[in-house]
Amino acid sequence: MKTIPPETEIEAEESDFKPLTAQEAQQWRSRHPPLSVWKVVAGQALVGMLVALVAWVLTGRAVVGWSAAYGALAVVAPAALFARGVLRHKASSNPRAAMVGFFGWEIAKIMLTVALLAAAPRLVPGLSWIALLIGMVAAMKTYWVALLVRPGVRKTD
């Protein structure tokens, strides 16, 4: 590993960074297991279905439930596409290719989301835009919930 020496004495005195040994890194990895992207996507789908069901029950109108479900679909389907595309090439030895692939799949995700939203009025007769937005927001916020409840994370004050 190449290290860059500090340019001034102040930087040298203030730097308290110490690289982990291989054993310390392994211990850290065992305490902080990675979160499966597919679990997050499944969580988004589950939250979307729950929001759609609640919307249907609260309003008594099936179209409101379908609108909320379609809003969640406009988040879940692109997220699944992105996850599949990025994970398929995650072992790339070329960092530049990995970065280009990441941004390429992000653009595909955005374009699919826009296409799904543009098609919504034709695919969901009697569409409720408010319910669609609530379904989208609920599915999007699932990312934050997944980060907060993942195993191995200590809660701090």
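A quick note: this is a predicted structure, and the numbers were derived from the prediction, not measured.

Asks: Break down the overall build of the protein chain for me, with residues and values.
Replies: Looking only at helices and strands, one finds seven helices and zero strands in the protein chain. By residue count, 25% of the 157 residues in the protein chain fall in the buried class. For the protein chain, restricting intrachain contacts to residue pairs at least 6 apart in sequence, the fraction spanning at least 24 positions comes to 74%. Carbon and sulfur atoms form 69% of the exposed surface of the protein chain, whose accessible area is close to 11,700 Å².

Asks: Which residues make up helix 3 (residues 37-59), and what are the values?
Replies: The terminal C-alpha atoms of helix 3, which comprises 23 residues, lie 33 Å apart, in line with the 33 Å expected from a rise of 1.5 Å per residue. Among the residues making up helix 3, those that are buried are Val40, Val41, Gly43, Gln44, Gly48, Val51, Ala52 and Ala55. Its side-chain oxygen placed 3.2 Å from the backbone nitrogen of Trp38, Ser36 serves as the N-cap of helix 3. One or two residues past the end of helix 3 sits Gly60, with phi positive at roughly 75°.

Asks: A description of the packing of helix 5 (residues 95-123) against helix 6 (residues 129-140) should follow, citing residues and the corresponding values.
Replies: Where helix 5 meets helix 6, the closest approach of the two axes is 12 Å, and the angle between their N-to-C directions is 155°. When the axes of helix 5 and helix 6 are compared, the pair comes out roughly antiparallel. Judged by the sense of rotation from one axis to the other, the crossing of helix 5 with helix 6 is right-handed. Facing helix 5, whose interface residues are Thr113, Leu117, Ala120 and Pro121, helix 6 presents Trp129, Leu132 and Met136. In the contact of helix 5 with helix 6, the residues fall into six nonpolar, one polar and no charged.

Conventions used here
Residues numbered from 1 in each chain as written. Predicted model: local features only at pLDDT ≥ 70, side-chain atom pairs only at ≥ 80, totals over all residues. Heavy atoms only, no water. Helix = DSSP H or I, 4+ residues; strand = E, 2+ residues; numbered from the N terminus. Buried < 20%, exposed > 50% of the residue type's maximum accessible area, 1.4 Å probe, protein only. Contact = heavy atoms within 4.5 Å. Areas by Shrake-Rupley, 256 points an atom, 1.4 Å probe, with all protein chains shown as cover. Expected span 1.5 Å × (residues − 1). Polar contact = N/O pair within 3.5 Å; in protein donor to acceptor, adjacent residues only side chain to side chain. Axes fitted to C-alpha atoms, helices over the stretch in contact; angles between N-to-C directions. Parallel < 35°, antiparallel > 145°, perpendicular 65-115°, else oblique. Left-handed = near helix turned anticlockwise from the far one by under 90°. Nonpolar A, V, L, I, M, F, W, Y, C, P; charged D, E, K, R; others polar.

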